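Coordinates in review
Each chain, written out:
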Amino acid sequence: MPNYQQITEILKAGGVILYPTDTVWGIGCDATNPSAVARVFAIKQRSESKSLIILVSSIAMLREYIADLPQNIFNYLQKVTEPTTIIYENPQLLAKNVIASDNTVAIRLVQDPFCQQMITHFGKPIVSTSANISGELTPLYYQLINPQIIAQCDYVVPYRQDDTQIKNPSRLIRFDTDGEIQILR
């Protein structure tokens, strides 16, 4: 079973973790810590111009970082059951390097019990990006993660490492100015 206290201490110290998300294994860090976010970009060998996904554990946490949560998105979040990442405008209190150049951020409200508990225990949003070098295939389970990625993380969560169930990436959507859903992935 994961040690949530140990994960929290590593995240608070600016560390980078490798962990099972509600979709694929992810590289993560404190989404409010710019130097930790920069390390994630370095591990992935990815340009900071490409944004990262942020995970939150509750609508209350989401509201701390998205001040103006439109009612239609709130209603959508109440009923969505599959992992869905939504593009939000005008985020606040997040590291500048997780925010896209158009002042948007991709955030997923997780429903996975492990992720919810880990994020709730930490008390802040966590970065989530697939555990691969940019441009390489996304590893579908832990055994397929490049050892170079594993070696660069400060902590590998000892949970679901033997799971070979293939999970799809999250849906990626945004709401247009009329409140209509645009499916991006």
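The numbers attached to residues start from 1 for each chain and follow its sequence in the written order. Where local features are concerned, this predicted model is filtered to residues with pLDDT of at least 70; where side-chain atom pairs are given and counted, the filter is 80 or more; whole-chain, interface and lining totals use all residues. With hydrogens and water excluded, all non-hydrogen atoms of the structure serve as input to the side-chain values.

Overview of the overall build of the protein chain
For clarity, the threshold we go by: A run of DSSP states H or I qualifies as a helix once it reaches four residues; a run of E qualifies as a strand once it reaches two. Both are numbered from the N-terminal end. In this treatment the radius of gyration is a C-alpha quantity, and the globule benchmark scales as 2.2 Å times the residue count to the 0.38 power. Buried means the residue's accessible area, taken with a 1.4 Å probe over protein chains only, is under 20% of the maximum for its type, while exposed means over 50%, and partly exposed covers the values in between. Working rule for contacts: check all heavy atoms of both residues, and any pair within 4.5 Å makes them a contact. Charge assignment in this entry is limited to Lys and Arg as positive and Asp and Glu as negative, and neither His nor the chain termini are counted. Where a charge lies is defined by one atom per residue type, namely NZ (Lys), CZ (Arg), CG (Asp) and CD (Glu).
When its secondary structure is counted, the protein chain shows 6 helices and 9 strands. For 185 residues, the compact-globule formula gives about 16 Å, and the C-alpha radius of gyration of the protein chain, at 15 Å, lands near that figure. Burial status across the protein chain gives 51% buried among its 185 residues. Sequence separation of at least 24 residues holds for 65% of the intrachain contacts in the protein chain that already meet a minimum separation of 6. Once the 15 positive and 17 negative side-chain charges of the protein chain are each reduced to a mean point, those two points are 1 Å apart.

Focus on the packing of aromatic side chains
Our working rule: A pair of Phe, Tyr and Trp rings is counted when the ring centres sit within 6.5 Å of each other, with Trp represented by its six-membered ring. The angle between the planes then sorts it: under 30 degrees is stacked, over 60 is edge-to-face, the rest tilted.
In the structure shown here, the tally under the stated rule is 4 aromatic pairs. On the basis of an interplanar angle of 45° and a centroid distance of 5.2 Å, the ring pair of F114 and Y159 is categorised as tilted. A residue pair is termed long-range when its members are at least 10 positions apart, and F114 in helix α5 (residues 113–122) and Y159 in the loop between β7 (155–156) and β8 (171–175) qualify at 45 residues. Aromatic rings pair up to connect Y4, F114 and Y159 into one cluster.

As for the environment of P91
Tracing the chain through its elements places P91 in the loop between β4 (84–89) and β5 (104–109). For the pair formed by P91 and P34, sequence separation is 57 residues and the distance between their alpha carbons is 15 Å. Excluding its chain neighbours within four sequence positions, the residues that come into contact with P91 are Y65, I66, I99, N103, T104 and V105.

A look at the pairing of β4
Note the following rule: Being paired, for any two strands, means DSSP has found at least two bridges between them.
Among the 6 residues in β4, 5 count as buried, and that is most of the element. As defined by bridge partners, β4 adjoins β8 across 3 bridges and the pair is classed as parallel. Across the sheet, T85 pairs through a bridge with L172, a residue of β8. Sheet topology places β4 next to β5; 5 bridges connect them, and they run antiparallel. Residue pairing for β5: E89 is matched across the bridge by T104.

Some points on the sheet that holds strand β1 (residues 17–20)
For clarity, the threshold we go by: Every angle, taken between N-to-C directions, lies between 0 and 180 degrees, and every axis is a line fitted to C-alpha atoms, over only the stretch in contact when it is a helix.
In spatial order, the strands read β7-β1-β2-β6-β3-β5-β4-β8-β9; together these 9 strands make up an open sheet with mixed pairing. In this open sheet, the two strands that pair with only one neighbour each are β7 and β9 (181–183). Strands in contact with helix α2 (residues 34–44) are β2 (25–28) and β6 (126–130); relative to β6, the strand with the most contacts, it is inclined by about 5°. Lying over the sheet, α5 contacts β1, β3 (53–56) and β6, oriented at roughly 140° with respect to β1.

Purely spatial values, then, with no claim about function.
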